[in-house]
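If you want the building blocks of each chain, they are given just below.
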Amino acid sequence: MDNSANISDLQSLITKMKSAVAPLRDILNGLHAKYSAVQEGAVATYIPELAKADPNWFAISIVSVDGQVVEVGNHQQLFSIQSVSKPFVFGMALEDHGREHVLTKVSVEPTGEAFNSIVLDERSNRPFNPLVNSGAIATADLVEGRDFPQRVTRLLEMFSRFAGRSVHIDNTVFLSERATGHRNRAMAHLMLNFGMVRDRVEETLELYFQQCSVLVNCHDLAVMGATLANGGVNPFTKERALKAEYVKDLLSIMLSCGMYDYAGEWAYRVGIPAKSGVSGGIVAVVPGKFGIGIFSPLLDPRGNSVRGVRVCQELSQRFGLHAFEAGFTGRTLQDELARK
Ligand code: GLU
């Protein structure tokens, strides 16, 4: 059978798609070149394995809810997800227990404190929110399973559904986290004292260290963001990663608490739900439209990727991405994708 017509149709479709994303690729290449020159900040060293990161790694990925991908830089470079894992595990806790029970164990108030602060809410003894370490440990405690291996498996399956591929744990990072995680251990025991976590605290800490050690790349972060932007359904696999009713829970805490003690200024200046991690990753979500992944391990003193913050700030300003942007008259990101 002669299928040459089909092949040429396919080729013209691919050419069309390539030209459609070309203008946005040019924009991202421009941002990549501009911010590669920024050498401020430092790679995290408090976990020895993180200190091995190359300060020059830098990637930007954008994935739309209809599955278009535009990315530049080292977007395939793997790194441990660290705190970017936290909103996603919060989603699991919500699915396992429902909103009201989860709220009895972890609050949703921004702290203004550093991510590893040991302070709990004095009135309720709850950690302030699921995106600081204490709250993330309380959240990990809520991940169910008949035993520890099943809890880990469920965690990995959840991340895999978001990323649209099978993800794994970096054992060396995990061991490094575990060997140095005394402060996290102290928080977990303090919360055990107040009944905020159950009496399997060592196991829950192991789970927390494992969740921080999941290996992802910048492309994965953008796909995970696009899955949230798409109401919880992965745009490529079409698999549901999170119940639709909980998407807004994740996005609202990401907007108010996602960027460590820069969260307030981030909401003010950038206005996009996002979460950063100490390995230099940021996932950002433009609901209904895009997921954005950024990776650059040079961190500012609060723990956010220096280049990542600047790229998001510029994207937000240039394309009117702020959640409360009114009357934006410039070119939108969709315009750029659609341009021929
Ligand atoms: N594993 C890290 C810790 O608990 C997470 C840090 C982060 O990315 O904020 O110290």
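In what follows, the structure referred to is the one given above.
Along the backbone of the protein there are 13 helices and 7 strands. In terms of overall size, the protein behaves like a compact globule, its C-alpha atoms giving a radius of gyration of 20 Å where 340 residues would be expected to give roughly 20 Å. The dimensions of the protein, computed from C-alpha atoms along their principal axes, are 70 × 50 × 40 Å. In the protein, of all internal contacts separated by at least 6 residues, the share reaching a separation of at least 24 is 69%. Of the roughly 14000 Å² of accessible surface on the protein, a fraction of 53% belongs to carbon and sulfur atoms.

In the vicinity of the ligand, the residues found are Y46, Q82, S83, F115, N133, E177, N184, Y208, C212, Y260, G277 and V278. A distance of 2.7 Å separates a nitrogen atom of the ligand from a polar atom in the side chain of Q82. Within the side chain of S83, an N or O atom sits 2.4 Å from an oxygen atom of the ligand. Burial of the ligand by the protein chains amounts to 98% of its free accessible area of 300 Å². Class assignment for the residues of the shell around the ligand results in 6 nonpolar, 5 polar and 1 charged.

Glancing now at helix α12 (residues 306–319). Helix length check: α12, at 14 residues, gives a terminal C-alpha distance of 20 Å against a target of 20 Å (1.5 Å per residue), a fit within 8%. Along α12, the residues classified as buried are V306, R307, G308, V309, V311, C312, Q313, E314, L315, S316 and F319. Once α12 ends, the next one or two residues include G320, with phi positive near 60°.

Time to look at the environment of F194. With respect to the helices and strands, the residue F194 is situated in the loop between α7 (182–193) and α8 (201–212). F194 gets classed as partly exposed once you look at its relative accessible area, which sits at 35%. Apart from residues no more than four positions distant in its own chain, F194 is found in contact with L120 and N125.

On to the packing of aromatic side chains, then. Under the counting rule described, the total for this entry stands at 5 aromatic pairs. Centroid distance F88 to F162: 4.8 Å. Interplanar angle 75°. Geometry classified as edge-to-face. Residue F88 is located in helix α2 (residues 86–97), and its partner F162 is located in helix α5 (residues 148–163); the two are separated by 74 residues in the primary sequence. On the accessibility criterion, F162 (1% relative accessible area) is buried. Counting every residue linked through ring pairs, the aromatic cluster contains W57, F79 and F295. Here K275 stacks its cationic end above the ring of Y260, 4.2 Å away from the centre of that ring.

Phi is positive for Q82, close to 50°, though the residue is something other than glycine. As for its position among the elements, Q82 is in the loop between β3 (79–80) and α2. We note that N125 has phi near 65°; this positive angle belongs to a residue other than glycine. For N125, the position within the fold is in the loop between α3 (99–105) and α4 (133–141).

What follows concerns the pairing of strand β6 (residues 281–286). Within β6, 6 of the 6 residues are buried, leaving the element largely enclosed by the surrounding structure. In β6, alternate side chains face the same way, and those of G281, V283 and V285 on one face and I282, A284 and V286 on the other are all buried. In sequence, strand β5 (residues 274–276) turns back onto β6 through a hairpin of 4 residues, with G280 there showing a positive phi of about 105°. By the bridge criterion, 6 bridges tie β6 to strand β7 (residues 290–295) in an arrangement that is antiparallel. Each residue of the ladder has a partner; that of V286, found in β7, is F290. Counting the residues in the hairpin turn of β6 and β7 gives 3 residues, including G288, whose phi is positive at 80°.

Cut-off values and rules
Residues numbered from 1 in each chain as written. Predicted model: local features only at pLDDT ≥ 70, side-chain atom pairs only at ≥ 80, totals over all residues. Heavy atoms only, no water. Helix = DSSP H or I, 4+ residues; strand = E, 2+ residues; numbered from the N terminus. Rg over C-alpha atoms; globule rule 2.2 N^0.38 Å. Contact = heavy atoms within 4.5 Å. Areas by Shrake-Rupley, 256 points an atom, 1.4 Å probe, with all protein chains shown as cover. Near = heavy atom within 4 Å. Polar contact = N/O pair within 3.5 Å; in protein donor to acceptor, adjacent residues only side chain to side chain. Nonpolar A, V, L, I, M, F, W, Y, C, P; charged D, E, K, R; others polar. Expected span 1.5 Å × (residues − 1). Buried < 20%, exposed > 50% of the residue type's maximum accessible area, 1.4 Å probe, protein only. Phe/Tyr/Trp six-rings, centres within 6.5 Å; stacked < 30°, edge-to-face > 60°. Lys NZ or Arg CZ within 6 Å of the ring centre and 35° of its normal. Pairing = 2+ DSSP bridges.

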